[in-house]
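# Observations on the model geometry
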Amino acid sequence: MLEQLLIFTRGGLILCTCKELGNALRGSPIDTLIRSCLLEERSGAASYNYDAPGAAYTLKWTFHNELGLVFVAVYQRILHLLYVDDLLSMVKQEFSDIYDPKRTLYNDFNDIFQQLKKEAEARAEEMKKSKQVGKPVNDNLGRKQGEAPSIVNVNGKENEASDTRAFDVNKLQKLRSKGGKETKTVVNKGSKEEPKKKITKKNRVWDDSPSESKLDFTDPVSENGEQNISVVAADHADQGESMMDKEEIISSDSETEEDEGKGNKVDTGKKGWFSSMFQSIAGKASLEKSDLEPALKALKDRLMSKNVAEEIAEKLCESVAASLDGKRLASFTRISSTVQAAMEDALVRILTPRRSIDILRDVHTAKEQGKPYVVVFVGVNGVGKSTNLAKVAYWLLQHKINVMMAACDTFRSGAVEQLRTHARRLQIPIFEKGYEKDPAIVAKEAIQEASRNGSDVVLVDTAGRMQDNEPLMRALSKLIYVNNPDLVLFVGEALVGNDAVDQLSKFNQKLGDLSPSANPRLIDGILLTKFDTIDDKVGAALSMVYISGAPVMFVGCGQSYTDLKKLNVKSIVKTLLK
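My aim in this report is to walk through the structure given alongside it, one point at a time. (Residues numbered from 1 in each chain as written. Predicted model: local features only at pLDDT ≥ 70, side-chain atom pairs only at ≥ 80, totals over all residues. Heavy atoms only, no water.)

### Overview of the pairing of strand 13 (residues 525-529)
Counting buried residues in strand 13 gives five out of five residues, a clear majority hidden from the surface. Going residue by residue along strand 13, you find Gly525, Leu527 and Thr529 tucked away on one face and Ile526 and Leu528 tucked away on the opposite face as well. Inspection of the sheet shows strand 12 (residues 487-493) paired to strand 13 by five bridges, in the parallel sense. Considered in strand 13, the bridge of Phe490 is made with Ile526. For strand 13 and strand 14 (residues 552-556), the ladder comprises three bridges, and the chain directions are parallel. Bridge pairing in strand 14 links Ile526 to Val552. Taken together, strand 13, helix 17 (residues 539-548) and strand 14 form a β-α-β motif whose crossover is right-handed. (Buried < 20%, exposed > 50% of the residue type's maximum accessible area, 1.4 Å probe, protein only. Helix = DSSP H or I, 4+ residues; strand = E, 2+ residues; numbered from the N terminus. Pairing = 2+ DSSP bridges. Right-handed = clockwise from strand over helix to strand, strands pointing away.)

See the structure below:
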């Protein structure tokens, strides 16, 4: 039984609510659908499941893009109603005929809805019966005894082969040609085998100037330890202002100018190929999904070439198709440009933070309350958590904020020494208890120490862990539960593609499942590292934000303490669609 059908505008004005007598929805499935699906560019999905105490609902929806209307049907998940899609289509058609933008209430539409519902139920019942009647009884009854079954191909002709798994001869010829090439390559390699001279690895020199100082600052036993610290501190002080406080972000203007100046031939060729395929539909009433498919396929390929996870690219294209289906196209307007504009709007909405996270403001608020602001850095192995923690510390120091580091990576050898080196260079205190200790207890004692010595911020370094390592994920969940940090930052590489989806979704899932709290803390923000190594492959930022809903708060783009930036949403979107 259908629980409720709701009709509202894209602006949020409810026009009509059709429901069974006495039925009241448990929880808030409609609000959750809008927040978690429609506003997050997941409207291309077929349905949405909502779990509430004592109830489990399935929601389906459709849009009238030209009128800006949304139609949502809610029913009990256990029922598997077959007529909902048909009913939504009928309701959409009937309601659009009587819709008036000046009118805000349509209470009289409930009678029409009940009639449409009966028709949809009857049609679904007839289709169910026709499927049962039309079922093939037995294939052997229709042919003589001993006669082999014929195989009909797509063209309607009988296939003489009796085995549907018969090998295709064309494939065999391709394999032979490939095999021949590979064999030839192997023979050539074998014939060229000669004893090679041993090549000694040389140190890489980045510029012509000779190295003036050694890179090893980790000798704690040096007699001139005090002098070494002061020299390092002087070097650190000369590094200048952090890029977090500068306006220039991520993609440099020189790269953009270089791409624009490569010549109009390449640019025109790319644009011509993309847009000439899909010319304007002059005079066509409205767009259909079949009109959008070629442009969306090209756009999906483009996003995937920029390192966007395939699953995310597909969902985005489905969402854009849903938002454009039925929309009137202006004359002399290309479908490609319409699709690209819709995708650009969708990407900006996804990458723009839904809630403002101003760390500097939150730090001062926590200081007024007499407690330190706690940031926990989490992530998989080798992504640069400790290095970028030091960059964040450097940025906070420039804003006259007292910072303390907490060495809670008690698992990896050398982790404490690495953080100690950063602390000495930045001349900030570090709380450490060595190795093989409980990270949750170490973090708790670090926060207590920060309260005593007047530190404003505690930056907690944790061990790198794979998302499938349950013991380490359980320890991380305990650390977050015990200490209740103000900010949980996921540190991820900009180099990852499809793995970004797996990492973030499983991190959030494990943090939720393994936490003893009824309302577990999940990832609040993202710090993307190694952004200077990816050229225009910026898709990891989109994949991570889409899958987690958390904003990208920092971007690491180098090895020095100043190499930390903010994410420029317009720059990322432009690069993705370039």
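After that view, the rundown keeps rolling.
### Quick look at the sheet that holds strand 8 (residues 373-378)
Reading across from one edge, 10-9-11-8-12-13-14-15 is the order of the eight strands in this open sheet, with mixed pairing throughout. The open sheet terminates on both sides in strands that have one partner only, identified here as strand 10 (430-432) and strand 15 (564-565). Sitting on the sheet, helix 12 (residues 385-398) is in contact with strand 8, strand 9 (403-407), strand 11 (457-461), strand 12, strand 13, strand 14 and strand 15, with an inclination near 170 degrees to strand 11. (Contact = heavy atoms within 4.5 Å. Axes fitted to C-alpha atoms, helices over the stretch in contact; angles between N-to-C directions.)

### Details of helix 15 (residues 470-483)
When the terminal C-alpha atoms of helix 15 are compared, their 20 Å separation across 14 residues agrees well with the 20 Å that a helix rising 1.5 Å per residue should span. Turning to helix 15, its buried residues number three or more, namely Leu472, Met473, Leu476, Ser477, Leu479, Ile480 and Asn483. One side of helix 15 carries all its buried residues, which in axial view fall inside an arc of 155 degrees. Taken together, the buried residues of helix 15 touch strand 8, helix 14 (439-453), strand 12 and helix 16 (499-513). Where helix 15 ends, the next residue or the one after it, Asn484, has phi of about 45 degrees, a positive value. (Expected span 1.5 Å × (residues − 1). Arc of directions from axis to C-beta.)

### Details of the pairing of strand 5 (residues 69-76)
In terms of burial, strand 5 is a largely internal element, seven of the eight residues being buried. Here seven bridges tie strand 1 (residues 2-9) to strand 5, and the two strands are oriented antiparallel to one another. Across the sheet, the residue bridging to Thr9 is Leu69, located in strand 5.

### As for a nonpolar patch on the surface
A surface patch of nonpolar side chains, amounting to about 310 Å² of accessible area, comprises Met1, Ile78 and Leu79. Relative to the helices and strands, Met1 resides in the segment before strand 1. Overall, the relative accessible area of 45% leaves Met1 in the partly exposed class. (Patch = residues over 30% accessible without salt bridge, like charges linked within 9 Å, V, L, I, M, F, W, Y side chains within 5 Å. Areas by Shrake-Rupley, 256 points an atom, 1.4 Å probe, with all protein chains shown as cover. Salt bridge = Lys/Arg side-chain N within 4 Å of Asp/Glu carboxyl O.)

### Focus: unusual backbone geometry
A positive phi angle, close to 60 degrees, is found at Glu436, a residue other than glycine. Take Glu436: it is sitting in the loop between strand 10 and helix 14. Judged by its relative accessible area of 77%, Glu436 is exposed. Phi at Lys530 takes a positive value of approximately 55 degrees, unusual for a residue other than glycine. Tracing the sequence through the fold places Lys530 in the loop between strand 13 and helix 17.

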